[in-house]
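# Structural features, examined
Chain residues, written in single-letter form:
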Amino acid sequence: MNNCDTCGAVLLPSGTQCHQCESPIGFPNVRKAVSEKSKLLERYNSAQNSIILRDIVDVAINFEQYVEHEAKLILAKPVIEVLALTNPNKLMTTYHKEIRANARTAEDNQYDQNRDGFESIINPQYHENIQYAALSLTDKGLTYYGGVHLTLNLNKVKHRTTLFEENSYNFVVKHKLTGVDVAPEGYRATWEDKTKLAVVKCNYKLNKNTSENMFSTIIINDDPANPEFIEAHIYGNLGAATVDNMLLGNSACEDDVLMFKASKNAFRKLGINIQIES
């Protein structure tokens, strides 16, 4: 348990202010990642030992440096949802807040039916404030979630972003966690420690023949049937001002392409770069 620097009160897992003196205490997902850093370092050191034994130190160093310099946060959304951002006052909020506000309905699938349960295990008491994206080394994220890939402005989100080793749902299932279980530590990182988590997750994919042009598909595998990625947890809302780039993927249908092209100028007026994948 951490204590408030101002009044000494024991901090609750949720909230961005001390519940006793209202002093700012940071974002709860970031505080949780910081509290687990020693466990992450244990796993990172174990990965380094494996890297040494496999004689791929140079490859691993190159991989870690590449991730440090090229990492992006990519949020994939359907075209119809992205178009709302042509209104600079429109905010993208979390799934849970949309449900509570009767602004959307849950889908009839196992994922949405159990979403509160598994998300609260990973981000206890504050999961309703979390938006999900993916760590990427390119301008593309996960097509499964939508055809438009939004590159987020790091200066506006990295301080409230944490990274998780894999999809939260898959993690809970893999580790056989229930509603009374606490998630094991060392599987999340702050933005500053992203390379350590990347090495822990991906080092087994590296070998002596791994080159830089392979790094992007090692970090994220956009296979709709079995996507593999590092999940980004972003606290709070996102708006047009948090988006640097929009890329419409080449899997978009003709109607989506037409709608997106019709909105290009509106997005560019907001300072967003527009790309359409051929």
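Residues numbered from 1 in each chain as written. Predicted model: local features only at pLDDT ≥ 70, side-chain atom pairs only at ≥ 80, totals over all residues. Heavy atoms only, no water.

Let us now look at the packing of helix H2 (residues 37-53) against helix H3 (residues 57-70). In a packed pair of helices, the relevant descriptors are the angle between the two axes and the axis-to-axis distance. Packing of H2 against H3 leaves a shortest axis separation of 8 Å and a crossing angle of 140°. By the angle class used here, H2 and H3 are oblique. Seen from H2, the contacting residues are Tyr44, Gln48, Ile51 and Ile52; seen from H3, they are Val57, Ala60 and Glu64. Residue classes in the contact of H2 with H3 are distributed as five nonpolar, one polar and one charged. (Axes fitted to C-alpha atoms, helices over the stretch in contact; angles between N-to-C directions. Helix = DSSP H or I, 4+ residues; strand = E, 2+ residues; numbered from the N terminus. Parallel < 35°, antiparallel > 145°, perpendicular 65-115°, else oblique. Contact = heavy atoms within 4.5 Å. Nonpolar A, V, L, I, M, F, W, Y, C, P; charged D, E, K, R; others polar.)

Regular strands have side chains that alternate between both faces of the sheet. Most of strand E1 (residues 72-77) sits inside the fold, with five of its six residues counted as buried. Sheet topology note: the E1/strand E3 (residues 130-136) ladder contains three bridges and is antiparallel. In the sheet register, Leu73 faces E3, and the bridge partner there is Leu135. Here E1 runs beside strand E4 (residues 148-152); their pairing, made up of four bridges, is antiparallel. In the strand pairing of E4, Ala76 is matched with His149. (Buried < 20%, exposed > 50% of the residue type's maximum accessible area, 1.4 Å probe, protein only. Pairing = 2+ DSSP bridges.)

Looking now at the side chain of Ser23. Topologically, Ser23 is positioned in the segment before helix H1 (28-35). Ser23 gets classed as buried once you look at its relative accessible area, which sits at 13%. Contact partners of Ser23, with chain neighbours within four places excluded, come to Cys4, Thr6, Thr16, Gln17 and Cys18.

Next up on the list: the layout of surface pockets. The space that makes up the largest pocket amounts to roughly 900 Å³. Tyr111, Asp112, Arg115, Tyr144 and Tyr145 are, among the 33 residues lining the largest pocket, the residues nearest its centre. When contributions to the lining of the largest pocket are tallied by element, the ones reaching two or more residues are E1, helix H5 (95-100), helix H6 (110-113), E3 and helix H9 (168-174). No other element matches E3, which puts five residues into the lining of the largest pocket. Class assignment for the residues of the lining of the largest pocket results in 18 nonpolar, seven polar and eight charged. (1 Å grid on protein atoms, 1.4 Å probe; cavity = no way out; pocket = protein on both sides within 12 Å on 5 of 7 lines; lining within 4 Å. Points joined across faces, edges and corners; volume = space filled by probe spheres on them.)

On the surface, a nonpolar cluster with roughly 240 Å² of combined accessible area is contributed by Ile52, Val57 and Ile61. Within the secondary structure layout, Ile52 lies in helix H2. (Patch = residues over 30% accessible without salt bridge, like charges linked within 9 Å, V, L, I, M, F, W, Y side chains within 5 Å. Areas by Shrake-Rupley, 256 points an atom, 1.4 Å probe, with all protein chains shown as cover. Salt bridge = Lys/Arg side-chain N within 4 Å of Asp/Glu carboxyl O.)

Taken as a whole and assessed by the stated rule, the structure comprises 17 salt bridges. A salt bridge links Glu36 to Lys32, with the shortest nitrogen-to-oxygen separation between them at 3.4 Å. Residue classification places Glu36 among the buried residues on the basis of a relative accessible area of 0%. Between Asp55 and Lys208 there is a salt bridge, and its shortest N-O distance comes to 3.4 Å. Residue Asp55 is found in the loop between H2 and H3, and its partner Lys208 is found in the loop between helix H10 (194-202) and helix H11 (215-219); the two are separated by 153 residues along the sequence. The class of Asp55 is exposed, set by a relative accessible area of 52%.

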